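Residue-level listing of the chains:
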Amino acid sequence: MADDEGGPDMISFRELARRLVSEGVVERMTHQRISQIRKEDPAGFPPVVQIGRSMAVDYRRARPYFVGRKLRPGERTDLKDRPAE
């Protein structure tokens, strides 16, 4: 956890996924999905730091991002940019 002075709470994408589920922010999440969301929303996603081969994010910034994120369950994203046949 972060220190009492309000420092960052840097965690891996794997730990971020675990915390989001355990705190009830999302029903389910994987570190792979977090990586995908980061690629889909590079401007809005909280800043990421690479540590070795892992990515880390400040939980204090990531949690509000996921709380406010609009869910689109079942939306077919593979058909978005396809022209009508």
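Note: the structure precedes this text.
About the thresholds
Residues numbered from 1 in each chain as written. Predicted model: local features only at pLDDT ≥ 70, side-chain atom pairs only at ≥ 80, totals over all residues. Heavy atoms only, no water. Phe/Tyr/Trp six-rings, centres within 6.5 Å; stacked < 30°, edge-to-face > 60°. Helix = DSSP H or I, 4+ residues; strand = E, 2+ residues; numbered from the N terminus. Buried < 20%, exposed > 50% of the residue type's maximum accessible area, 1.4 Å probe, protein only. Axes fitted to C-alpha atoms, helices over the stretch in contact; angles between N-to-C directions. Parallel < 35°, antiparallel > 145°, perpendicular 65-115°, else oblique. Contact = heavy atoms within 4.5 Å. Nonpolar A, V, L, I, M, F, W, Y, C, P; charged D, E, K, R; others polar.

**Q** Is there a simple way to explain the packing of aromatic side chains in this structure?
**A** The description of an aromatic ring pair rests on the distance of the ring centres and on the angle between the ring planes. By the definition in use, this model includes four aromatic pairs. Between Phe 45 and Tyr 65 the ring centres are 5.3 Å apart and the planes differ by 70 degrees, which places this aromatic pair in the edge-to-face class. One end of the pair, Phe 45, is in the loop between α2 (31–40) and β2 (48–51); the other, Tyr 65, is in helix α3 (residues 59–68), and 20 residues separate them in sequence. By relative accessible area, which is 6% here, Phe 45 ends up buried. Accessibility expressed as a relative area gives 15% for Tyr 65, which makes it buried. The interplanar angle of 90 degrees and the centroid separation of 6.1 Å between the aromatic rings of Phe 45 and Phe 66 together place this pair among those described as edge-to-face. Within this pair, whereas Phe 45 is found in the loop between α2 and β2, its partner Phe 66 is found in helix α3, the two being separated by 21 residues in sequence. Grouping residues by exposure puts Phe 45 and Phe 66 together as buried.

**Q** Hey, could you run me through the packing of helix α1 (residues 13–22) against α2 in this one?
**A** The angle between the axes and the distance between the axes are what describe a pair of packed helices. It is the contact of α1 with α2, at a shortest axis distance of 8 Å, that shows an interaxial angle of 105 degrees. As judged from the angle between their axes, α1 and α2 are roughly perpendicular. Residues Phe 13, Arg 14, Leu 16, Ala 17 and Leu 20 of α1 touch α2, and the partners they reach there are His 31, Ile 34, Ser 35 and Arg 38. Residues belonging to the contact of α1 with α2 are distributed by class as follows: five nonpolar, two polar and two charged.

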